[in-house]
Amino acid sequence: MTKAVRRVLREKSRTSAAPALAMLMTLAAPAHSQEAAGEPEEVVVTGIRLQLETSQARKENAEEILDSITAADIGALPDRSVTEVLQRIPGLTIGRVPEARDADRIAVEGSGATIRGLSWVRSELNGRSAFSANEGRTLGFEDIPPELMSAVDVYKNPSAAMIEGGLAGVVDLRTRMPFDSPDRVLGVSAEYTVGDLAEKERPSGSFLYSDRWNTGIGELGLLISASASQLTTRTHTLHIDKYYARTDLPGYEGQTVFAPGGVGWRQLTVDRDRLGGSLALQWRPSDTVDVSLQYFLADATFEQDENALWTEQGNSLTGRNLQVANGYLVGGDIGNTYFNGSSRFNERESENHDAALHLTWRPGDQWRFDLDVQRAFADTDAIDLTMGSPTFAQGSGDALGVDLQLNGSRKPSFVVMPNSVMTDPEQFYYGWAMDHYEKNDADAWAYRADGEYTFDNGDWLDRIRFGVRHEDYNSTTRETGYRWGSVAQGNGDTTFASGSVPVMRQDFSDWFHGGRAPSGYMFPRTSAFDSRQSFQNTVLSVSTPGTCCAWTPWNGDFTDTSPGNDGLGINTQDQRTWAGYVAAHFQKNKLDGNLGVRVVRTENLGTGLLTFSGANLIGAPEEQAFANGASFEATEENTYTDVLPSLNLRYKLRDNLFLRFAVARSLARPDFPKLLPAINISADLGVMVGGVCNELPEGVEVGNCVFEYNGYSGNPDLEPMRSWQYDLAAEWYINPTNSLSGAIFYKRVEGFLETSLNSAVEYTNNGQTRTVRVLRPENQGNGHVQGFEAAWNGFFDFLPGFWRNFGARAAFTYVESGGTRNVAANPYDASQRDNSAIDEYPLEGLSKTSYNAELYYSTQRFEARLAYNWRERYVLTMAAANLDIPAWADDYGQLDGSVQWNVRSNIKVGVQAVNLTDATYRVLVDNVAQNTGLTYHNWVSADRRYSVFVRTSF
């Protein structure tokens, strides 16, 4: 069976917490009878109490400011995804959308994490670099099987020995090792999950075997674990388009009224498959040598099947009986002659592999040396395929009208006027198609050597640690733009009734848990185009010859982003770092801590395509030589060195009451799209007057000189954002499971990234060098983030009777920022570039307040848990996809719960529920150009998920 941590309470009145400890002794069931009178009673701590105790011990004994959540049993982290586990930690919040710019869909298990309002989080696996093959530097936590984790550690202020890069903080996922357990361990878990909207049952399971043996060559240990998990979820969304300032709204002519550009609704079904495996070997040939070999695998596939429809009035919305309140349209009969719709299939598969060899040698009582070699690689493949399904326009202006009633933050009401159009295949045609492809990979070699010398009877200096590390990290992302093109427009349209593509009638059953959708609709079945080849065949089979702007099959060349103009093409980045550190660990009376410095040199090489657009010039041979339509690859190099001092202090007011102070220099390197040196250089032509090149007059297209060269690009010369960060914390460890803690923090961030048009960069082509005015990200300005957090963990052991079996975990965080900047995630997307420059906007992902509250009940045979997590409204993205304006995620809270019965000491069964209260996720948008202010855009209802599970260990 799984070996519980056995804690013997030998002294009942040693500290001021003696009464609570005595109650805990009487509460817990004894594992063995006392063998003799007066001997201490051995108490087996399991379940929630064990999870709290081990997490608290990790935090209490850490030299840095740290929070931890541990798995009390095999496969038993308190939530069913790593992302959802993170939201339980003070200062951490998670996102709810699959991509930052996607304001129309949600990820029910969460996606991405911020620490104290900042997204520049470093991810690690067993203290080593961990990453995904995407445009960022962080691991996709939603891709990692939680069943394989023994704990999740979050470091909020670093020490010199830690790998640099976590300006916001570090999330370290820890897996099990065979020497963690004194004996053989065999564990198996099985789970069955269903969502009440998707109504598809999906299984999950995990397995772990661990053992250790004494042999003639020393002690050997082996651990093998594996997991497989499936989940199907569904969401329903009601949507209001962005608002426009109108002065011609019927009934309100001459008045400025803000009115939406249309309405819509959608259903999204997501199938998630997640596989994982872990292998660990340990060898202890002597008391002075330990060798370990670890391998970790995670493979996650997400398939999205979406049906969506919407109206497209834009700033021409009209209707009858329109109602206005406080300057905003709030209801009426909206005129509408046609609907647009789409079927969308999206698939993303991500793999992570990590192998590491570690050697520890202790040549004497005072010396220790560690050597570590890591090989990691990741890849991600994605396809996004969409077929449009519009209706034909009807002659009457209100033939497909919508009765609209808006209710502030509450769900709006849409009712489509009775009609026969929306279920008649003769009224639908294949209007357009859009596809997008990604193929990314990343890999790293890392080498590390550390040494430690412990002083014998030192007055205050305890030990010195020192080490060096080298990493070679390569990332290549390949992506097309979103390749939109028409399929059947105008005469000769292919209708659903005459086309060969399978279609379906979607009635949106169980709408928003028991309601009725505004209307049904006809859609192409995504099963007909769920691969690149089948999509191409399907679209071409219904294309109308001679259609304007026709969709064309992708040629397989990632450097060709047309017809989409928002793709990054191919971005190859090679980052090499060399780091060394030294740290002194000291202890004097009630004070201990560490003081150190880490020095790291970073060398980054990026390769991108330089394109020199042709120019309509007469004469000016040198300018024609530069603007000759040529393109070629170029590699840019940037090198910088950082000195990162750190200090971590702990003062023990009492044995169980600490004050901590930490100060450190930290950094966050730019994400890879911002470093891409690719550029498309165009010439603004001019006319030569008196030896000076002036801008061309309006309407003139041919020039005899170049007034100015322009372009937009990433910036290979970017340096990291750097910070000085300070923490002051107090921690009171009342007993092994109960604690009260609080911290105030301040980060001064330098070199915020901001998109700037003031960069003058020299480029050379065809023997000619010219200065180009480039719009690109730059390190500009300073800002700060500050706030506080408070947390309570523990059981109410002071209460009488069964009440002392109750416990709680509660955490509250407040964060505010000033002088901060947002920057375009993709510097080649115009809306992202422009919107990132909007003033007085908070950082993306920063909620001012957030909290987590959990209530427990725990005995030896039965446990129950309710957990509520809430975060305040925050900026989701500065440029939402399709809308190209800022989007905000509204206040959101979710209640989860679980119960567990310990049938026997080694068999546990239980039920878990997620989103018990059917919380509505809301998104707002801000049409800044129209001065509309924040308006509600989406209301999303997601599954309530229910799981039954059984866990057994031997």
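Our subject is the structure that appears above.
It should be emphasised that the depicted structure is a prediction, and the values quoted were computed from it without experimental measurement.

(A) Seen up close, the overall build of the chain. Looking only at helices and strands, the chain features six helices and 49 strands. The C-alpha radius of gyration of the chain comes to 30 Å, within 12% of the 30 Å expected for a compact globule of 954 residues. In terms of overall dimensions, the chain has C-alpha extents of about 100 × 70 × 55 Å along its principal axes. The burial tally for the chain puts 58% of its 954 residues in the buried class. For the chain, restricting intrachain contacts to residue pairs at least 6 apart in sequence, the fraction spanning at least 24 positions comes to 74%. Carbon and sulfur atoms provide 52% of the accessible area of the chain, an area that totals close to 37600 Å². Of the charged side chains in the chain, 84 are positive and 121 negative; the average position of the first set lies 8 Å away from that of the second.

(B) Layout of a nonpolar patch on the surface. Judged by side-chain polarity, Val188, Phe207, Ile224, Leu279, Leu281, Leu293, Tyr295, Leu357, Val373, Trp445 and Tyr447 come together as a nonpolar surface patch covering roughly 880 Å² of accessible area. Within the residue set of the nonpolar patch, elements represented by two or more residues are strand S15 (263–286), strand S16 (289–310) and strand S23 (432–454). With respect to the helices and strands, the residue Leu279 is situated in strand S15. Residue classification places Leu279 among the partly exposed positions, given a relative accessible area of 34%.

(C) Molecular detail of the pairing of strand S36 (residues 739–750). Side chains Ser739, Ser741, Ala743, Phe745, Lys747 and Val749 project from S36 onto a buried face, and the interleaved Leu740, Gly742, Ile744, Tyr746, Arg748 and Glu750 project onto a face without burial. Strand direction decides the pairing type here: strand S35 (residues 721–733) and S36, joined by 12 bridges, are antiparallel. Bridge pairing links Tyr726 to Tyr746 in S36. What sits between the antiparallel neighbours S35 and S36 is a turn of five residues. Relative to strand S39 (residues 782–795), S36 runs antiparallel, the two being bridged by 12 bridges. Among the inter-strand pairings, Val749 is bridged to a residue of S39, identified as Gly783.

(D) View of helix H4 (residues 532–541). Listed as buried for H4 are Ser534, Phe535, Thr538 and Val539. Along the axis of H4, the buried residues cluster in a sector spanning 125°; they form a single face. Buried residues belonging to H4 abut strand S20 (367–388) and S23.

(E) Structural detail: unusual backbone geometry. You will see that Asn589, though not glycine, has its phi angle at about 55°, which is positive. Position of Asn589 among the secondary structure elements: in the loop between strand S28 (569–588) and strand S29 (591–612). Positive phi, close to 60°, is recorded for Asp884, a residue that is not glycine. Structurally, Asp884 is set in the loop between strand S43 (874–877) and strand S44 (887–889). Accessibility expressed as a relative area gives 37% for Asp884, which makes it partly exposed.

(F) Quick peek at the nonpolar core. Within the largest apolar cluster, 58 residues are counted, with the highest numbers of intra-cluster contacts made by Trp265, Phe339 and Phe535. With residues up to four places along the chain from it excluded, the contact list for Phe535 reads Leu385, Thr386, Met387, Ala433, Met434, Asp435, Tyr437, Phe529 and Trp551. Val121, Leu125, Leu148 and Leu173 belong to the second largest nonpolar core, which has 49 residues in total.

(G) Seen up close, the state of the cysteines. The tally for this structure, following the rule as stated, stands at one disulfide. Across a sulfur-sulfur distance of 2.0 Å, Cys693 and Cys705 are joined as a disulfide pair. Taking the sign of the S-S torsion, 85° for the link of Cys693 and Cys705, the bridge is right-handed. One end of the pair, Cys693, is in strand S33 (residues 692–695); the other, Cys705, is in strand S34 (residues 705–712), and 12 residues separate them in sequence. Side by side, Cys693 and Cys705 carry an identical accessibility label, which is buried.

(H) Quick look at the environment of Ser898. Relative to the helices and strands, Ser898 is located in strand S45 (residues 892–904). With 486 residues separating them along the chain, Ser898 and Pro412 place their C-alpha atoms 32 Å apart. In this structure, Ser898 is in contact with Glu863, Ala864, Arg865, Val911 and Gln912, ignoring residues within four places of it in sequence.

(I) Geometry of the side chain of Thr477. Its location among the elements puts Thr477 in strand S24 (residues 461–479). Accessibility expressed as a relative area gives 3% for Thr477, which makes it buried. Aside from chain neighbours lying at most four places away, what touches Thr477 is Asn134, Glu135, Lys439, Asn440, Gly569, Ile570 and Asn571.

(J) Representation of the pairing of S34 in the model. Two elements, strand S32 (residues 679–689) and S34, share five bridges in a ladder whose sense is antiparallel. Counted as the bridge partner of Asp684 is Glu708 from S34.

(K) Broad picture of the sheet that holds strand S8 (residues 149–155). Across the sheet, five strands lie side by side as S3-S8-S9-S6-S7; this open sheet has mixed pairing. The strands lining the two open edges of the sheet, one partner per strand, are strand S3 (66–70) and strand S7 (128–129). In the sheet, strand S6 (residues 121–125) pairs with S7 via two bridges, with the strands oriented antiparallel. Bridge assignment links Leu125 to a residue of S7, and that residue is Arg128.

(L) Quick look at the pattern of salt bridges. Scanning the model with the defined rule gives 67 salt bridges in all. The shortest N-O distance in the salt bridge between Lys156 and Glu789 comes to 2.7 Å. Residue Lys156 is found in the loop between S8 and strand S9 (169–175), and its partner Glu789 is found in strand S39; the two are separated by 633 residues along the sequence. Across the pair, exposure class does not vary: Lys156 and Glu789 are buried alike. For Asp592, the salt bridge goes to Arg650, with nearest N and O atoms at 2.7 Å. One end of the pair, Asp592, is in strand S29; the other, Arg650, is in strand S30 (residues 631–654), with 58 residues separating them in the sequence. Beyond isolated ion pairs, a larger network of salt bridges with shared partners links Lys59, Asp67, Arg116, Lys156, Arg660, Asp727, Glu731 and Glu789.

Here is what the cut-offs are and how they apply
Residues numbered from 1 in each chain as written. Predicted model: local features only at pLDDT ≥ 70, side-chain atom pairs only at ≥ 80, totals over all residues. Heavy atoms only, no water. Helix = DSSP H or I, 4+ residues; strand = E, 2+ residues; numbered from the N terminus. Rg over C-alpha atoms; globule rule 2.2 N^0.38 Å. Buried < 20%, exposed > 50% of the residue type's maximum accessible area, 1.4 Å probe, protein only. Contact = heavy atoms within 4.5 Å. Areas by Shrake-Rupley, 256 points an atom, 1.4 Å probe, with all protein chains shown as cover. Lys, Arg positive; Asp, Glu negative; His and termini not counted. Charge placed at Lys NZ, Arg CZ, Asp CG, Glu CD. Patch = residues over 30% accessible without salt bridge, like charges linked within 9 Å, V, L, I, M, F, W, Y side chains within 5 Å. Salt bridge = Lys/Arg side-chain N within 4 Å of Asp/Glu carboxyl O. Pairing = 2+ DSSP bridges. Arc of directions from axis to C-beta. Core = buried A, V, L, I, M, F, W, Y, C linked by side-chain atoms within 4.5 Å. Disulfide = S-S within 2.5 Å.

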